[in-house]
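Residue-level structural notes
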Amino acid sequence: MHTDIERFLAHSIQLESEAARRFGELADAMQSAGNRPVARLFRRLADYSLLHLQDARARAAYRQLPALKAEDFSWPGLESPEAAAIWAADPQLGPEQALQVALQAETSGRDFYQQVLDATTDPEIRSLAREFVDEESAHVLELQRWADLQQAGLPLPVEG
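Parameters and conventions
- Residues numbered from 1 in each chain as written.
- Predicted model: local features only at pLDDT ≥ 70, side-chain atom pairs only at ≥ 80, totals over all residues.
- Heavy atoms only, no water.
- Helix = DSSP H or I, 4+ residues; strand = E, 2+ residues; numbered from the N terminus.
- Rg over C-alpha atoms; globule rule 2.2 N^0.38 Å.
- Buried < 20%, exposed > 50% of the residue type's maximum accessible area, 1.4 Å probe, protein only.
- Contact = heavy atoms within 4.5 Å.
- Areas by Shrake-Rupley, 256 points an atom, 1.4 Å probe, with all protein chains shown as cover.
- Core = buried A, V, L, I, M, F, W, Y, C linked by side-chain atoms within 4.5 Å.
- Expected span 1.5 Å × (residues − 1).
- Polar contact = N/O pair within 3.5 Å; in protein donor to acceptor, adjacent residues only side chain to side chain.
- Axes fitted to C-alpha atoms, helices over the stretch in contact; angles between N-to-C directions.
- Parallel < 35°, antiparallel > 145°, perpendicular 65-115°, else oblique.
- Left-handed = near helix turned anticlockwise from the far one by under 90°.
- Phe/Tyr/Trp six-rings, centres within 6.5 Å; stacked < 30°, edge-to-face > 60°.
- Salt bridge = Lys/Arg side-chain N within 4 Å of Asp/Glu carboxyl O.

What the protein contains, in helices and strands, is 4 helices and 0 strands. The secondary structure elements of the protein, listed N-terminal to C-terminal, are α-α-α-α. Whereas a compact globule of 160 residues would reach a radius of gyration of roughly 15 Å, the protein reaches 16 Å, a difference of no more than 12%. Along the first, second and third principal axes, the C-alpha set of the protein runs to 45 × 25 × 25 Å. Out of the 160 residues in the protein, the part that is buried amounts to 46%. When contacts within the protein are restricted to residue pairs at least 6 apart in sequence, long-range pairs at least 24 apart make up 78% of them. Here the protein has roughly 8000 Å² of accessible surface; of this, 51% comes from carbon and sulfur atoms.

Have a look at this one:
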C-alpha cells in the first residue's frame with residue numbers, strides 16, 4: 001500500500017486537506033440552516049483536519065514528496081476516505097443525517113490509517129499511522145456520542 005514515508009505523507013496531506021474543506025462546507029451548511037451546535041462540531045472537525053494537515057506538512061517539509069495526480073492516489077474508494085459526500089453540504093440536510101455523514105467520513109479516515117498501520121513494516125510510517133489512528137478514533141467517538149444524543153432526542157452540547 002504505502003511503502004515509503006513520502007508517499008504516505010502525500011496521501012495524508014491530501015486526505016486532511018479534503019476533510020478540512022468538506023467539514024468546512026458541512027459547518028457552513030448547518031450554520032445556514034440554523035443548527036449552530038452541529039455547525040460548531042463540524043467547524044471543530046474542520047479545524048482538527050487543518051491541524052493534522054499542518055502536522056503532515058511539517059513532517060514533509062524537508063522531504064521530496066511525489067507529485068501525485070488525482071488518479072495516482074491509492075484510496076480504498078473513489079476519493080480520499082475522510083471526504084464526506086458532497087451532497088452532505090446541502091443546507092436542507094438534517095442534523096442526524098449530517099452527523100451520520102461525518103461519522104462515516106471519520107470512520108473511513110481511521111480505517112484508512114489502520115490499514116496502512118497493519119500493512120507497513122516501515123517503522124516511521126507505523127509510528128505516524130498509529131498517531132493518526134488514535135486521533136481519528138477520538139473523532140469517531142466524539143461523533144458517535146453526538147449521533148447517540150441526536151437519536152435519543154437529547155439536546156446537543158452547546159460548546160465554543
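Okay, the nonpolar core next. Counting residues in each nonpolar core, the largest one holds 21 residues, and the members touching the most others are Phe-23, Phe-42 and Leu-143. For this core, the secondary-structure elements that each account for two or more residues are helix H1 (5–32), helix H2 (36–60), helix H3 (95–119) and helix H4 (123–151). Apart from residues no more than four positions distant in its own chain, Leu-143 is found in contact with Leu-41, Leu-45, Leu-99, Ala-102, Leu-103 and Glu-106. With 19 residues, the next largest nonpolar core counts Leu-9, Phe-73, Tyr-113 and Leu-117 among its residues.

Within the fold, Leu-9 resides in helix H1. The class of Leu-9 is buried, set by a relative accessible area of 0%. Put simply, Leu-9 and Ile-125 are 116 residues apart on the chain and 8.8 Å apart in space, counted from C-alpha to C-alpha. Among all residues touching Leu-9, those that are not within four sequence positions of it are Ala-56, Arg-59, Ala-60, Arg-63, Leu-65 and Leu-128.

Here we come to H4. Since the α-helix packs 3.6 residues into each turn, any two residues three or four apart lie on the same face. Given a rise of 1.5 Å per residue, 29 residues ought to cover 42 Å, and the 41 Å separating the end C-alpha atoms of H4 matches this to within 8%. Structurally, the start of H4 carries an N-cap: the backbone nitrogen of Glu-124 is 2.8 Å from a side-chain oxygen of Asp-122. With its phi angle positive at about 75°, Gly-153 sits one or two positions after the end of H4.

To continue, consider the packing of H1 against H2. Close contact between H1 and H2 brings their axes to 8 Å; oriented N to C, the two are set at 160°. When the interaxial angle is binned, H1 and H2 end up roughly antiparallel. Relative to H2, the crossing made by H1 is left-handed.

A few words now on the packing of aromatic side chains. For the coordinates displayed, the defined rule picks out 5 aromatic pairs. Pairing Phe-23 with Phe-42 gives two aromatic rings, centres 6.2 Å apart and planes at 25°, and the pair type is stacked. Placement of the pair is Phe-23 in helix H1 and Phe-42 in helix H2, with a sequence separation of 19 residues. Residue class for Phe-23 comes out buried when judged on its relative accessible area of 0%. Accessibility expressed as a relative area gives 0% for Phe-42, which makes it buried. One aromatic cluster in this structure is built from Phe-8, Phe-112, Tyr-113 and Phe-132.

Moving on, we come to the pattern of salt bridges. Per the counting criterion, the structure on display carries 8 salt bridges. Between Arg-63 and Glu-6 there is a salt bridge, with the nearest N and O atoms lying 3.4 Å from each other. Remark: Glu-6 occurs in helix H1 and Arg-63 occurs in the loop between H2 and H3; sequence separation between them is 57 residues. Since its relative accessible area comes to 17%, Arg-63 is described here as buried. Between Arg-43 and Asp-28 there is a salt bridge; the shortest N-O distance is 2.5 Å. With a gap of 15 residues between them, Arg-43 in helix H2 and Asp-28 in helix H1 connect regions that are remote in the sequence. When its relative accessible area of 33% is taken as the criterion, Arg-43 is described as partly exposed.

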